Amino acid sequence: MVVGSGVAGLTAALRCAAAGAKVTVVTKARLDDGSTRWAQGGIAAALGEGDTPEQHLDDTLVAGAGLCAERAVRALVTEGPDAVRRLVDTGARFDADDATGEILLTREGGHHRRRIAHAGGDATGAEISRALVEAVRAAGIDTVENALVLDLLKDGSGRAAGVTLHVMGEGRRDGVGAVLADAVVLATGGMGQIYSATTNPAVSTGDGVALALRAGAEVSDLEFVQFHPTVLWLGPEAEGQQPLVSEAVRGEGAHLVDADGVRFMRGSTSWPSWRPVTSSPRASCGGCGSAAPSTCTWTPATSGPRCGRGASRPSSPPAAPTASTR
Ligand SMILES: Cc1cc2nc3c(=O)[nH]c(=O)nc-3n(C[C@H](O)[C@H](O)[C@H](O)COP(=O)(O)OP(=O)(O)OC[C@H]3O[C@@H](n4cnc5c(N)ncnc54)[C@H](O)[C@@H]3O)c2cc1C
């Protein structure tokens, strides 16, 4: 059984089914609700001529400013190119050169090479979601939508044995129940909605991690919450998902300015400009003293990296950065 129908859940479901398993996908809203559909810019993978996983590794470790688990990055950069090719085989149509059919690659912050594969311009996630949903349907995989998984069931020896769920559907299934399974994959995405304003969609509430914790699973790295660097904050009353200012805007040369028009994330036109102007990769946080400046989201960037620890959290987020096309 797979819980969640984003790129992770649907990929897991397809691969398990291909290996001969009987798979059920259970998801909280519609199959295409989740972060995956919202992803815009594209997927980074060393697909271009002359590019290598090793170069991708180097760029990622530098951008990660000492916070990356190298083993995880290595898996990402070495398995990434084949993962993109598998998505193509599944039916995802990436933007490609008309003449050669080669996937077109663009460049984003932190990358020394063009290695971002995209689809429909900046509708990459929507295309991947479409292709995976179609493939899951074509494979005859059982799906249950509008089904909020509540808790993990365990057998006498403590192994996962299924889940309890509340189906709020209008379809063939409804009510509270349980699904038993030999194996459970939790692919429930992130928890961006713990912030009052976020670029993450409504379903990203972290309840998958919560149910794993209740079942006794060990979780790690919870401080890493996906948060897009350029968001159009809609003002003091804004709540929930806020519009994203596409990465492409910065890729085309836009600058970030704060509410006073002061430019931050300043640097040269390409590579270093993606690093916060006020911090070096090893800078420590002005709030809690940790060497994790990338988690500092509560203080205007112009006053240096600082998180909510060691300082009271303001009732509203800092002045919203905006993109200007100067
Ligand atoms: C606005 C935005 C732009 C992005 N742009 C990019 C980009 O350009 N490039 C890039 O690489 N990444 C980008 N990302 C990140 C990327 O979208 C995610 O990392 C990726 O989609 C995560 O996939 P996932 O399958 O883990 O989670 P999701 O796609 O979020 O799927 C989680 C699934 O779990 C389900 N679920 C959650 N809890 C329960 C529950 N209790 N019971 C049942 N179902 C549950 C949800 O309904 C959903 O179907 C972006 C993200 C956002 C929000």
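Our structure's up above, just so we're on the same page.
Every chain begins its residue count from 1, and numbering advances along the sequence as written. Local features in a predicted model are, by the rule used here, given only for residues with pLDDT of at least 70; side-chain atom pairs are given and counted only at 80 or more, and totals for whole chains, interfaces and linings are based on all residues.

Attention shifts here to the overall build of the protein chain. Each helix is a run of DSSP H or I of at least 4 residues and each strand a run of E of at least 2, with the numbering of both proceeding from the N terminus. Secondary structure summary: the protein chain contains seven helices and 15 strands in total. Neighbour density around each residue's C-beta defines its exposure: 20 or more other C-beta atoms within 10 Å make it buried, 12 or fewer make it exposed, and counts between make it partly exposed, where C-beta atoms are placed from the backbone. Here the protein chain holds 326 residues, and the buried ones make up 32% of them. If you take every contact in the protein chain between residues at least 6 apart in sequence, the share linking residues at least 24 apart comes to 57%. Contact definition: two residues whose C-beta atoms, as placed from backbone geometry, lie within 7 Å.

Our next topic: the nonpolar core. Each nonpolar core consists of buried Ala, Val, Leu, Ile, Met, Phe, Trp, Tyr and Cys residues. Their C-beta atoms, within 7 Å, join them into a set. Core analysis: the biggest nonpolar cluster contains 40 residues, and Val3, Val26 and Ala117 have the highest contact counts within it. The element best represented in this core is helix H5 (residues 124–138), accounting for five residues.

Time to look at the site of the ligand. By convention here, the C-beta atom is placed from the backbone, and a residue is near a molecule or strand when that atom is within 6 Å of it. The environment of the ligand is formed by 37 residues, the closest being Gly4, Gly6, Gly34, Gly41 and Gly189. Listed by contribution, the elements that provide at least two residues to the shell around the ligand are helix H1 (7–18), helix H2 (35–38), H5, strand E7 (147–154) and helix H6 (207–214).

In this section: the sheet that holds strand E8 (residues 160–167). Strand order in the open sheet formed by three strands is E7-E8-E9, with antiparallel pairing between adjacent strands. Strand pairing shows two members of the sheet lacking a second neighbour, E7 and strand E9 (175–180), which therefore form its edges. Across this sheet, the average inter-strand angle for adjacent strands is 25 degrees, counted without regard to direction. Direction of pairing for E8 relative to E9: antiparallel, over a ladder of six bridges. Paired with Gly162 across the bridge in E9 is Leu180. When DSSP finds two or more bridges between a pair of strands, those strands are recorded as paired. An axis is simply a line fitted to the C-alpha atoms; with a helix, the fit covers only the stretch in contact. Between two such axes, the angle follows the N-to-C directions and lies from 0 to 180 degrees.

We now examine the packing of H1 against H5. As a packed pair, H1 and H5 sit with axes 10 Å apart at the nearest point and diverge in direction by 30 degrees. Judged by the inter-axis angle, H1 sits roughly parallel to H5. Between H1 and H5 lies a crossing whose hand is left-handed. Contacts between H1 and H5 involve Val7, Leu10, Thr11, Ala13 and Leu14 from the former and Ile128, Leu132, Val133, Ala135 and Val136 from the latter. Three classes are used, and their members are as follows: Ala, Val, Leu, Ile, Met, Phe, Trp, Tyr, Cys and Pro are nonpolar, Asp, Glu, Lys and Arg are charged, and the others, Gly among them, are polar. A breakdown of the residues in the contact of H1 with H5 according to their chemical character gives nine nonpolar, one polar and no charged. Note on terminology: angles under 35 degrees are roughly parallel, angles over 145 are roughly antiparallel, angles of 65 to 115 are roughly perpendicular, and the others are oblique. Left-handed describes a crossing whose near helix is turned anticlockwise from the far helix through less than a right angle; right-handed describes the clockwise counterpart.

Right, let's talk about the sheet that holds strand E1 (residues 2–3) for a bit. Here four strands make up an open sheet; going across it, the order is E6-E2-E1-E10 and the pairing parallel. With partners counted over all chains shown, the strands left at the sheet margins are strand E6 (142–144) and strand E10 (185–186), one partner each. When E1 meets E10, the two strands line up parallel, connected through two bridges. Note on E10: the bridge partner recorded for Val3 is Leu186.

What follows is about helix H4 (residues 70–90). With 21 residues, H4 should reach 30 Å at 1.5 Å per residue; the first-to-last C-alpha distance of 29 Å fits that figure. Those residues of H4 not exposed but buried are Val77, Val84 and Leu87. Those residues of H4 that are buried lie in contact with strand E3 (43–44), helix H3 (53–63), strand E5 (116–117) and H5. By this rule, a helix spans an expected 1.5 Å times one less than how many residues it contains.

The description of two helices packed together rests on the angle between their axes and the distance between the axes. Contact pair H3 / H4: the axes reach a minimum separation of 9 Å and the direction vectors enclose 140 degrees. Viewed along their axes, H3 and H4 adopt a mutual orientation that is oblique. Crossing of H3 over H4 shows right-handed handedness. Of the residues in H4, those touching H3 at Pro53, His56, Leu57, Thr60 and Leu61 are Glu70, Val73, Arg74, Val77 and Thr78. Of the residues assigned to the contact of H3 with H4, the class counts are five nonpolar, three polar and two charged.

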